[in-house]
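Structure assessment
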Amino acid sequence: MSDAIVLIDVEAGSATKVARQIADLAGVRAVYSVAGEVDLVAVVHANQGESIAKIIPDGIAAIPGVLRTQTLIAFKTYSKHQMDAAYDLGLD
C-alpha cells in the first residue's frame, strides 16, 4: 500500500468542480481546498491492485481544469493513535 499527497493547481474559478471530480476517483481519500501556493490538496491511497503512478497521471492530472500537480510520496505515516500504541509497547 502507498500514500501520496498531491498538490494541485487549477484554472481560475474551477476549484470546486475539479475538487468534486477528483474526490470521485478511486484511491482518493480526501480533497482539500487550501490557501497558499496551490489550490487543492488531495490525499491518495493506493491498494495493492492500484498504483499511484496510474491514479495521478491518468486520473487527477487528466481532469479538465487541472494545470499542474506535484506529488509527495509518503514513506511512513504517523498518527496519534499509532504513536500512543508504540509508546504503550515501550518502543520509545
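Described below are features of the structure shown in this document. Residue positions are counted from 1 within each chain, in the order its sequence is given. Totals for whole chains, interfaces and linings use every residue, but because this is a predicted model, local features are given only for residues with pLDDT of at least 70 and side-chain atom pairs only at 80 or more, for both listing and counting. Where side-chain values are given, they derive from all heavy atoms of the structure, hydrogens and water being excluded.

1. Side note on the sheet that holds strand β1 (residues 2-10)
Pairing between strands is defined by DSSP: at least two bridges between them are needed. Helix and strand definitions follow DSSP, with helices as H or I runs of at least four residues and strands as E runs of at least two, each counted in order from the N terminus. Taking strand neighbours across the sheet as the criterion, the 4 strands line up as β2-β3-β1-β4 in an open arrangement whose pairing is antiparallel. On the outer flanks of this sheet lie β2 (28-33) and β4 (66-74), each paired with one strand and no other. Direction aside, the axes of adjacent strands within the sheet are offset by 20° on average. The strands touched by helix α2 (residues 52-60) within the sheet are β1, β2, β3 (40-46) and β4, with β3 carrying the most contacts at an inclination of about 140°. Under this scheme, a helix contributes an axis fitted over its contacting stretch, all axes are lines through C-alpha atoms, and angles between N-to-C directions fall in the 0 to 180 degree range. Residue contacts follow a heavy-atom distance rule, with two residues in contact if any of their heavy atoms lie within 4.5 Å.

2. Here we look at the pattern of salt bridges
Here, a salt bridge means any Lys or Arg side-chain nitrogen found within 4 Å of an Asp or Glu carboxyl oxygen. Tallying each qualifying case throughout the model produces 2 salt bridges. Ionic pairing is found between Arg 68 and Asp 9, a salt bridge with its closest N-O pair at 3.2 Å. Taken as a pair, Arg 68 in strand β4 and Asp 9 in strand β1 lie far apart in primary sequence, 59 residues in all. The cut-offs for exposure are 20% and 50% of the maximum accessible area for each residue type, with area from a 1.4 Å probe on protein chains only; residues under the lower value are buried, those over the upper are exposed, and the others partly exposed. A relative accessible area of 15% means that Asp 9 is categorised as buried. Residue Lys 54 is joined to Asp 58 by a salt bridge in which the shortest nitrogen-to-oxygen separation is 3.3 Å. Residue Lys 54 and its partner Asp 58 are both found in helix α2; the two are separated by 4 residues, about one turn of the helix. Of the two residues examined, Lys 54 and Asp 58, each falls in the exposed class.

3. Here's the deal with the nonpolar core
What is meant by a nonpolar core is a set of buried Ala, Val, Leu, Ile, Met, Phe, Trp, Tyr and Cys residues, joined one to another through side-chain atoms within 4.5 Å. Grouped together as the largest cluster of nonpolar side chains are 18 residues, with contacts concentrated most on Val 6, Ile 8, Val 18, Ile 22, Leu 40, Val 44 and Ile 60. When residues of this core are traced back to their parent elements, those giving at least two are β1, α1 (15-23), β3 and α2. Once residues lying within four places of it in the same chain are set aside, the contact partners of Ile 22 are Ile 8, Val 28, Val 31, Leu 40, Ala 42, Ile 60 and Ile 63.

4. Regarding α1
By the burial criterion, the buried members of α1 are Val 18, Ala 19 and Ile 22. Each buried residue of α1 lies within a common arc of 100° when the element is viewed along its axis, so the set occupies one face. Opposite the buried face of α1, by more than 90 degrees, sit the exposed residues Lys 17 and Arg 20. For α1, the secondary structure elements touched by its buried residues are β1, β2, β3, α2 and β4. Taken from the helix axis, the directions to the C-beta atoms give the arc we talk about.

Interpretation note: all reported values are geometric properties and have no functional meaning in isolation.
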